[in-house]
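Notes for the structure review
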Amino acid sequence: SGPGPELRGRRIVVLGTGWGSASLVKALGEAAAYDRVTVVSPRNYFLFTPMLAGAAVGTVEYRSITEPVRKLNRHVDYLEATARRIDFGGRRVECESVVCEGTSCTIEAFEVPYDALVVSVGATTNTFGISGVREHCLFLKQVQDAEALRRAVGNALERANLPTATDDEKRRALSFVVVGAGPTGVEFCSELKDFLEAEASRYYPELLPFARVTLLEATSAVLGAFDESLRDVALAELRRERVTVSRRGRGGEAALSVVAPVDVRLGAPVRRVNETHVLVGDRDAVPYGLCVWAGGNAPVAVVSESIEALGHPQLDAQPACRGRLAVDAHLRVLG
Ligand SMILES: Cc1cc2nc3c(=O)[nH]c(=O)nc-3n(C[C@H](O)[C@H](O)[C@H](O)COP(=O)(O)OP(=O)(O)OC[C@H]3O[C@@H](n4cnc5c(N)ncnc54)[C@H](O)[C@@H]3O)c2cc1C
């Protein structure tokens, strides 16, 4: 039956198609038909992030971890665009969409008015402005990142497999460096280790001795936000050597392959990344063939801009909120 007539026909705008917004859009169900619900996001699908690291090494396929926004709730409209600015006084969102025809793309700007606005735009990767990270590292936030990583891991193995590759070149190509021992970094290291054990040992057994995974963490612990007992288990698991049996070809001789423990370096702040090395602290330079940056989250631009625009209730809360929008007990944005 839906809500009473006084509540019908509102323009509800939802920014984002991630965990927060997708849950809301789903939960609205049929009720969305009584209002005009518009979802604005550069991504027209929900992404199941916990399996992204698995997708990056081929354990799961991308289509298994995404769900089109239009399937979440057929009563909502969707606009593929990025919210650039929220005009809180005028109750409208300024949006931009990249529109491509063939190889030429233009930016289309437009406004979406609202009666109620839900901001659920998540966060972006924090590089802390460290030189070389954007240019040389891979990330793990979106499907495109996982695709790029999967390609890069495959390329590293094929490069090392060439008959011209020297042992040093093999070692370099197969030096996988992960920066940041939060959940994303730890998860990716584990997936990579599983991949080396289960897949690389079957198809590239001769290369396994050259493969190394190094995890660099600025603080003194892995999974800093987790309980100590969990941190200990994670660290022990990362540092465990794995032995696997591999067989070359049908009827080939079985051989034992060793997957080296992850070289976990704590208290290792990354200062710079260049084309070949990750520079750690004042002295260390860790060579890499592939470097994944999982250093943490930063606010997306529209959130930072909104905090400034909303003024002191938001700015006062920033020591605790650290770049996030401050809300009250009902998740209403302060200001
Ligand atoms: C690899 C990985 C593994 C993870 N594993 C776990 C796990 O196992 N367990 C767990 O609890 N958490 C996990 N997380 C964290 C979890 O994904 C986040 O906490 C969660 O995504 C936050 O939800 P959100 O809705 O705030 O943002 P997101 O899910 O990030 O969604 C943000 C949405 O906003 C859109 N957007 C961004 N900018 C704009 C804009 N300007 N305008 C409009 N739309 C915009 C994005 O495209 C996206 O659709 C993981 C994260 C990653 C990256």
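Worth saying up front: this structure is predicted, and the values here are computed from it rather than measured. (Residues numbered from 1 in each chain as written. Predicted model: local features only at pLDDT ≥ 70, side-chain atom pairs only at ≥ 80, totals over all residues. Heavy atoms only, no water.)

**Some words on the sheet that holds strand E7 (residues 92–101)**
With respect to topology, three strands assemble into an open sheet ordered E6-E7-E8, the strand pairing being antiparallel. Of all strands in the sheet, those with a lone pairing partner are strand E6 (82–87) and strand E8 (104–113), marking the two edges. When the angles between neighbouring strand axes are averaged without regard to direction, this sheet yields 20°. Bridge count for E7 against E8 is 10 bridges, and the pairing is antiparallel. Across the sheet, serine 97 pairs through a bridge with glutamate 108, a residue of E8. (Pairing = 2+ DSSP bridges. Helix = DSSP H or I, 4+ residues; strand = E, 2+ residues; numbered from the N terminus. Axes fitted to C-alpha atoms, helices over the stretch in contact; angles between N-to-C directions.)

**Points about the pairing of strand E19 (residues 290–293)**
Here E19 shows two buried faces, one formed by Leu290 and Val292 and the other by Cys291 and Trp293. Bridging between strand E11 (residues 175–179) and E19 involves four bridges; their strand directions are parallel. Bridging from a neighbouring strand, phenylalanine 176 pairs with leucine 290 of E19. (Buried < 20%, exposed > 50% of the residue type's maximum accessible area, 1.4 Å probe, protein only.)

**Overview of a nonpolar patch on the surface**
On the surface, Val243, Val245, Leu256 and Val258 cluster together into a nonpolar patch covering about 380 Å² of accessible area. Counting residues per element, the ones that place at least two in the nonpolar patch are strand E13 (242–247) and strand E14 (254–259). Mapped onto the fold, valine 245 is located in strand E13. (Patch = residues over 30% accessible without salt bridge, like charges linked within 9 Å, V, L, I, M, F, W, Y side chains within 5 Å. Areas by Shrake-Rupley, 256 points an atom, 1.4 Å probe, with all protein chains shown as cover. Salt bridge = Lys/Arg side-chain N within 4 Å of Asp/Glu carboxyl O.)

**Digging into the site of the ligand**
Residues in close proximity to the ligand total 20 residues, the closest being Thr17, Trp19, Gly20, Thr49 and Ala83. A distance of 2.9 Å separates an oxygen atom of the ligand from a polar backbone atom of threonine 17. In the environment of the ligand, an oxygen atom lies 3.1 Å from a nitrogen or oxygen atom belonging to the backbone of tryptophan 19. In isolation the ligand offers 1,000 Å² of accessible surface; the protein chains occlude 69% of this area. In the shell around the ligand, the residues fall into eight nonpolar, 10 polar and two charged. Mapped onto the domain boundaries, the shell around the ligand takes at least three residues apiece from domain 1 (5–121) and domain 2 (133–293). (Near = heavy atom within 4 Å. Polar contact = N/O pair within 3.5 Å; in protein donor to acceptor, adjacent residues only side chain to side chain. Nonpolar A, V, L, I, M, F, W, Y, C, P; charged D, E, K, R; others polar. Domains from an automatic or database assignment.)

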